[in-house]
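Coordinate inspection notes
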Amino acid sequence: MTMNEINGVQLLEYMSWCMIFSGILAFVVLQFVNIPYGRQASSAFGFPVNVKLAWFVQEIPSLAVPAVFIILGTPATRFSQPSNQILIAMFLTHYVQREMDPSPNPSRISSCIPTKKKKKCGTLSSHWDTGCRALIYPFLIRGGKATPFIPFILAFIFCMYNGYLQGRYLSQYGIYPEDWITDPRFIVGFVLWLAGLLLNLHSDHVLRTLRKPGEMGYKIPRGGMFEYVSGANFLGEIIEWTGFAVACWSLQSAAFAVFTFLILSTRAKQHHKWYLQKFEDYPKSRKILVPFLY
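Residues numbered from 1 in each chain as written. Predicted model: local features only at pLDDT ≥ 70, side-chain atom pairs only at ≥ 80, totals over all residues. Heavy atoms only, no water.

1. Some thoughts on the overall build of the protein chain
Our working definition: Strands here are runs of E lasting at least two residues and helices are runs of H or I lasting at least four, both read from the DSSP assignment and numbered beginning at the N terminus. Burial here depends on accessible area, computed with a 1.4 Å probe over protein chains only, as a share of the maximum for the residue type. Under 20% is buried, over 50% is exposed, and the range in between is partly exposed. The criterion used for residue contact is that any of the two residues' heavy atoms lie within 4.5 Å.
Looking only at helices and strands, one finds eight helices and four strands in the protein chain. Starting at the N terminus and walking to the C terminus, you meet the elements of the protein chain as α-β-α-α-α-β-β-β-α-α-α-α. Residues classed as buried in the protein chain amount to 51% of the 294 residues present. Restricting to contacts in the protein chain with at least 6 residues of sequence separation, those with at least 24 account for 86%.

Okay, here's the thing in structure tokens:
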């Protein structure tokens, strides 16, 4: 490696540790504060931004930044390798379909439901702090509550940061053996990534189709992994990025997987608590994130 390459790798390593540290810090803070999206949205976190516009703009760096390295930036020295091409494709595939709060959540649920006191109606929309469908998902949102400006801009910064981290590493510095795609680590990682992606897409579909045309309010999601956990969408995303980290076998991808787990596990806990408060008939056997365990 040249001195410039060594400096570049050191920068990405530093950025990776910063991501892990910020994830731990956010995990601690979120034990006391709800993420200000959807039903927790508040004017205290800035002026409202149209939810479809917010999801699209904040997530587009996850696609655009890696594309710059591949197409317009300095020569993508590693991108010519099949392993690097497949790994970058895995990262980008998620963002073509989803947006940064990789995952649908209860704040997108609709349909009138009875509560112990009275019937509540309304529509909510939200997303997790780090990750998901930039091109397609925003246009599938039905209704949706505006996103406060501060969470919107923080999500945009994160996607820019992570797009740079993953895109630059895989296109310029990631070195893999020629037979990496037959390595057990890649195979296991790819299977986990695909399983997580499919679970995430199915969970997203369940949430989007809860409300029939003209309906308002909230419903309990049913079907698929939602029969076992409240955060089926979050579980799918955690599995997906864990698989990506195993397939990449790098500090950069591991940092993203750790950050995702720390944020989404907290998000799932908040949503499970909300379900229990809003639905008197919510299944008591349904866990938060891990079937039968948690």
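Having seen it, we continue.
2. A look at unusual backbone geometry
The residue tryptophan 249 is not glycine, and still its phi comes out positive at about 55°. In this fold, tryptophan 249 is placed in the loop between helix H7 (232-248) and helix H8 (251-278). Although it is not a glycine, phenylalanine 292 adopts a positive phi angle of roughly 70°. As for its position among the elements, phenylalanine 292 is in the segment after H8. Relative accessible area serves as the criterion here: at 66%, phenylalanine 292 is assigned to the exposed category.

3. Details of the packing of helix H2 (residues 51-59) against helix H5 (residues 149-173)
Basically, it comes down to this: Each axis is a line fitted through C-alpha atoms, and for a helix only the stretch in contact is used; angles between axes span 0 to 180 degrees, taken between their N-to-C directions. Roughly parallel here means an angle under 35 degrees, roughly antiparallel means over 145, roughly perpendicular means 65 to 115, and every remaining angle is called oblique. Residues are sorted three ways: Asp, Glu, Lys and Arg are charged, Ala, Val, Leu, Ile, Met, Phe, Trp, Tyr, Cys and Pro are nonpolar, and all the rest, Gly among them, are polar.
The N-to-C vectors of H2 and H5 enclose an angle of 25°; their axes lie 7 Å apart at closest approach. Here H5 runs roughly parallel to H2, going by the angle between their axes. Side by side, H2 and H5 meet where Ala54, Val57, Gln58 and Glu59 of the first sit next to Phe152, Ala155, Phe156 and Cys159 of the second. In terms of residue class, the contact of H2 with H5 is made up of six nonpolar, one polar and one charged.

4. Considerations on the pattern of salt bridges
To be explicit about the condition: For this document, the term salt bridge refers to a Lys or Arg side-chain nitrogen within 4 Å of an Asp or Glu carboxyl oxygen.
Applying the stated rule across the entire model yields one salt bridge. The shortest N-O distance in the salt bridge between arginine 185 and aspartate 183 comes to 3.0 Å. For arginine 185, a relative accessible area of 32% gives the class partly exposed.

5. Points about the packing of aromatic side chains
Heads up, the condition is: Stacked, edge-to-face and tilted labels apply to pairs of Phe, Tyr and Trp rings (six-membered ring for Trp) whose centres lie within 6.5 Å, assigned for plane angles under 30 degrees, over 60, and everything in between, in that order. Over a ring means this: the NZ of a Lys or the CZ of an Arg is within 6 Å of the ring centre and within 35 degrees of the ring normal.
A complete count under the given rule lists 19 aromatic pairs for this structure. With centroids separated by 5.7 Å and ring planes inclined at 50°, the aromatic side chains of phenylalanine 91 and tryptophan 241 adopt a geometry described as tilted. One end of the pair, phenylalanine 91, is in helix H4 (residues 82-97); the other, tryptophan 241, is in helix H7, with 150 residues separating them in the sequence. Given a relative accessible area of 0%, tryptophan 241 falls into the buried group. Here a set of aromatic residues connected by ring pairs shows up, and it is made of Phe91, Tyr95, Phe158, Trp241, Phe244, Phe256 and Phe259. Lying across the ring of tryptophan 249, arginine 185 places its NZ or CZ 5.2 Å from the centre.

6. Looking at the nonpolar core
Counted only if it meets this: Take the buried residues of types Ala, Val, Leu, Ile, Met, Phe, Trp, Tyr and Cys, join any two whose side-chain atoms come within 4.5 Å, and each joined set is a nonpolar core.
Ranked by internal contacts, the top residues of the largest apolar core, which has 30 residues, are Met19, Leu87, Met90, Leu170, Tyr176, Phe244 and Phe256. At the level of secondary structure, the elements contributing two or more residues to this core comprise helix H1 (3-29), H4, H5, helix H6 (184-208), H7 and H8. Grouped together as the second largest cluster of nonpolar side chains are 14 residues, Leu207, Phe234, Leu235 and Leu264 included.

7. Remarks on a nonpolar patch on the surface
This is how the line gets drawn: To count toward a patch, a residue needs a relative accessible area above 30% and no salt bridge. Like charges then connect within 9 Å, nonpolar side chains (Val, Leu, Ile, Met, Phe, Trp, Tyr) within 5 Å. Using the Shrake-Rupley algorithm and a 1.4 Å probe, accessible areas are obtained, with residue cover drawn only from the displayed protein chains.
Judged by side-chain polarity, Phe21, Ile24, Leu25, Val28, Val29, Phe32 and Val33 come together as a nonpolar surface patch covering roughly 710 Å² of accessible area. Within the secondary structure, isoleucine 24 sits in helix H1. Look at isoleucine 24 and you get partly exposed, because its relative accessible area is 44%.

8. Considerations on the confidence of the model for the protein chain
What counts is decided by this rule: The quantity known as pLDDT measures the predictor's confidence residue by residue, on a range of 0 to 100.
Averaged over every residue, the pLDDT of the protein chain is 80; the share at 70 or more is 74%. Within the protein chain, no element has a lower average pLDDT than strand S3 (residues 119-120), which sits at 38, and none a higher one than H7, at 97. Within the model, pLDDT remains below 50 along residues 99-134, and this stretch shows 207 contacts once partners closer than five positions in the same chain are excluded.

9. Digging into the packing of H2 against helix H3 (residues 61-72)
For the pair H2 and H3, the least separation of the axes is 5 Å and the interaxial angle reads 25°. As summarised for this structure, H2 and H3 are arranged roughly parallel, according to the angle between their axes. In contact with Val57, Gln58 and Glu59 of H2, H3 contributes Pro61, Ser62 and Leu63.

10. A short note on the side chain of aspartate 183
The test is simple: A 3.5 Å cut-off defines polar contacts: any pair of N or O atoms within that distance qualifies, except that in protein one atom must be a possible hydrogen donor and the other a possible acceptor, and neighbouring residues in sequence count only when both atoms are side-chain atoms.
Its place among the elements puts aspartate 183 in the loop between H5 and H6. A relative accessible area of 18% places aspartate 183 in the buried class. Among the polar contacts made by the side chain of aspartate 183, one reaches the main-chain amide nitrogen of arginine 185 at a distance of 2.8 Å.

11. Description of the environment of phenylalanine 27
By the element assignment, phenylalanine 27 lies in helix H1. Remark: the alpha-carbon pair of phenylalanine 27 and threonine 266, spanning 239 residues in sequence, is separated by 6.8 Å. In this structure, phenylalanine 27 is in contact with Leu262, Ser265 and Thr266, ignoring residues within four places of it in sequence.

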